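Here's the letter readout for the chains.
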Amino acid sequence: KGAQTNPLNSNVFRTAWHALRGSKQLQAHDWVVKVDPDAVWFPERLRAHLKMHMPGHGNGWDNVFLKNCQKFNTMQGPIEVISKKAALTVAEHIDSCGGVYGSGEDQFIVHCMQQLGISGLMEQTLLNDLYCDGYSNCKDRWRVAFHPHKSPSEFNQCYSDSLLAETQNGGN
């Protein structure tokens, strides 16, 4: 992990949030979503999850981030979903967030949001993660993201398996 687990790398994340704030793109979107390159994900499923489970019906004005790992009761990095209101708060106050020694970027942003009074809402069917769940099941038609799938063939197989499960089971 090296630099990933060093609180000094919090400057990299602060710089990214400054760039996002400076882009003026946050106002144009209801949610900020970061997905790891080795995570297979389905944006249309995320939209369905947000509409079904969010108090504001997925419009981004809830001050929340989605926890996706019940085992650790946190938001894991393969997919990070943050409401517009929460993202605007983070972008405005990222410099007041302290680094957490020994944590990766996902836990840096979780701790930052908690310091800023942003609540985490558990959405345990958002992510199937080998490290959190202890297994990988790409044949799930409702999960939004599957992780890790590092080789192109493994990634493509997971994507195909999940799409096939969706069509065989009549979609959502």
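Heads up: the structure comes first, above all this text.
Reading guide: rules and limits
- Residues numbered from 1 in each chain as written.
- Predicted model: local features only at pLDDT ≥ 70, side-chain atom pairs only at ≥ 80, totals over all residues.
- Heavy atoms only, no water.
- Helix = DSSP H or I, 4+ residues; strand = E, 2+ residues; numbered from the N terminus.
- Buried < 20%, exposed > 50% of the residue type's maximum accessible area, 1.4 Å probe, protein only.
- Polar contact = N/O pair within 3.5 Å; in protein donor to acceptor, adjacent residues only side chain to side chain.
- Disulfide = S-S within 2.5 Å.
- Pairing = 2+ DSSP bridges.

Chemist: When you look at the environment of E166 in this model, what are you seeing that I'm missing?
Modeler: Position of E166 among the secondary structure elements: in helix α6 (residues 152-168). Judged by relative accessible area, E166 falls into the buried class, the value being 17%. The sequence separation of E166 and W142 amounts to 24 residues, and the corresponding C-alpha distance is 7.8 Å. At 2.7 Å, the side chain of E166 and the side chain of R45 are in polar contact.

Chemist: What is the right way to look at the state of the cysteines in this model?
Modeler: Each disulfide is one covalent bond, formed between the sulfur atoms of two cysteines. Throughout the structure, instances matching the rule amount to three disulfides. Two residues share a disulfide in this structure: C138 and C158, whose sulfurs sit 2.1 Å from each other. On the sign convention where negative is left-handed, the bridge of C138 and C158, at about -95° about the S-S bond, is left-handed. With C138 in the loop between α5 (130-133) and β7 (145-147) and C158 in helix α6, the pair connects residues that are 20 residues apart, well separated along the chain. Here the two residues C138 and C158 agree in accessibility, since each one is buried.

Chemist: Sorry, what's going on with the sheet that holds strand β6 (residues 127-129) here?
Modeler: Think of a sheet as strands paired side by side through backbone hydrogen bonds, with each pair either parallel or antiparallel. Pairing in this open sheet of three strands is mixed, and the strands run β2-β7-β6 from one edge to the other. Since the sheet does not close on itself, it has two edges, and those belong to β2 (40-41) and β6, each with one partner. Pairing of β6 with β7 involves three bridges; the strand directions are parallel. Counterpart to D129 in the pairing with β7 is H147.

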